[in-house]
Amino acid sequence: MTPVPAPLSRFEARLVLGLCPQATRIVGARYFRHHRYPCPIHVRVSLPTGSRHDFVVRSIHHRKGQLAREVALYPLLRRLGLPVPEVLAGPLRDPQAPHSKPRIVLSLIPGTDLQHLSLHGGRSLARARELLIEAVERMHALTREVEADPVVRVIPRGGLAYHLRSLLARKGPWLRVPFYADTAARLLPALERIRTPLVFSNGDYQPANFLAHDGRLSGCLDFEYAWFEDPHYGFCKYPIYDLYPLNGAGMVEAWLRKRRLSKRDFAPRLALACLATLNREITVTAGNIRYRDHVMGLLHENLKLIG
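Residues numbered from 1 in each chain as written. Predicted model: local features only at pLDDT ≥ 70, side-chain atom pairs only at ≥ 80, totals over all residues. Heavy atoms only, no water.

> Looking at this structure, I do not really get the pattern of salt bridges. What am I missing?
Side-chain pairs of opposite charge can arise whenever the charged atoms involved come near each other. The full count for this structure, using the stated rule, is 15 salt bridges. The shortest N-O distance in the salt bridge between K258 and E137 comes to 3.0 Å. Here K258 is found in helix 9 (residues 251-259), whereas its partner E137 is found in helix 4 (residues 122-140), with 121 residues between them in sequence. By relative accessible area, which is 23% here, E137 ends up partly exposed. Beyond isolated ion pairs, a larger network of salt bridges with shared partners links R58, E70, D222 and E224. (Salt bridge = Lys/Arg side-chain N within 4 Å of Asp/Glu carboxyl O. Helix = DSSP H or I, 4+ residues; strand = E, 2+ residues; numbered from the N terminus. Buried < 20%, exposed > 50% of the residue type's maximum accessible area, 1.4 Å probe, protein only.)

Shown next, in the form of structure tokens:
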């Protein structure tokens, strides 16, 4: 085999070339711009005819992500009209590295992700906000169809109270902090009173997971965390991570207006997300003090709204 361009491995190159005619050459491979690496790889090949074709090589690098869930969902979601990639190969593991993570090859969807679109500001920022809401609503609208399909067996479900009980069942230093335990006990009844029906979601509303082309929604990506959840909980990541620039441009407020909800309605959800974030990725002492203070500030602010 001819030299394989980084960051592509030889195994990944074989997966791609196995989809192409003989004498096809890989002429480029690069990571997509992303907040965390390694991430999906954009692969370009030159066919024997001289034309070019693009693929995406993807794996799962997050501990709780489920590649099998994503692979099972994509064919159904495409049939239901959601713009998701086509699975072309995999999931397969490198036989020379049997303990490695499996890989898949996907079709490339044209477009710019909404994170990068939003960075242009002005009308682009406003359009990115509108398209993200459209994408989320389109996923939610598929709830009944997904529930009626056999794929439902691989999609978990859980409401807000379920989230909190699962959080308290885990180990972690925050669970030994009296304030944390007291807050969780105070929050649980408020979450149990929320009876909002669960909806289908990709489980991650970060703007880089959605694409736009010619001003329209062209792609929905990353269903490794897909499940049936509270329809509003996914927007908690915007204030928690202060996702720039959409958080400052009123991403959550726009969603709440569209759903006719108040900040008080959203408060139990955001308080829950703060507790989950503290336990998952913030140390009780030392560490990133500014991040911890930010999340603690959001928690206190939303506990006051709950009353």
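> In this structure, what is going on with the sheet that holds strand 8 (residues 210-213)? I would like to understand it.
Strands belonging to one sheet form pairs held by backbone hydrogen bonds; the direction of such a pair is parallel or antiparallel. Read across the open sheet, the three strands follow the order 6-8-9; overall the sheet is antiparallel. The open sheet is flanked by strand 6 (112-113) and strand 9 (216-220), the only strands paired with a single partner. Across two bridges, the pairing between strand 6 and strand 8 is antiparallel. From the neighbouring strand, D113 faces strand 8, where its bridge partner is L211. (Pairing = 2+ DSSP bridges.)

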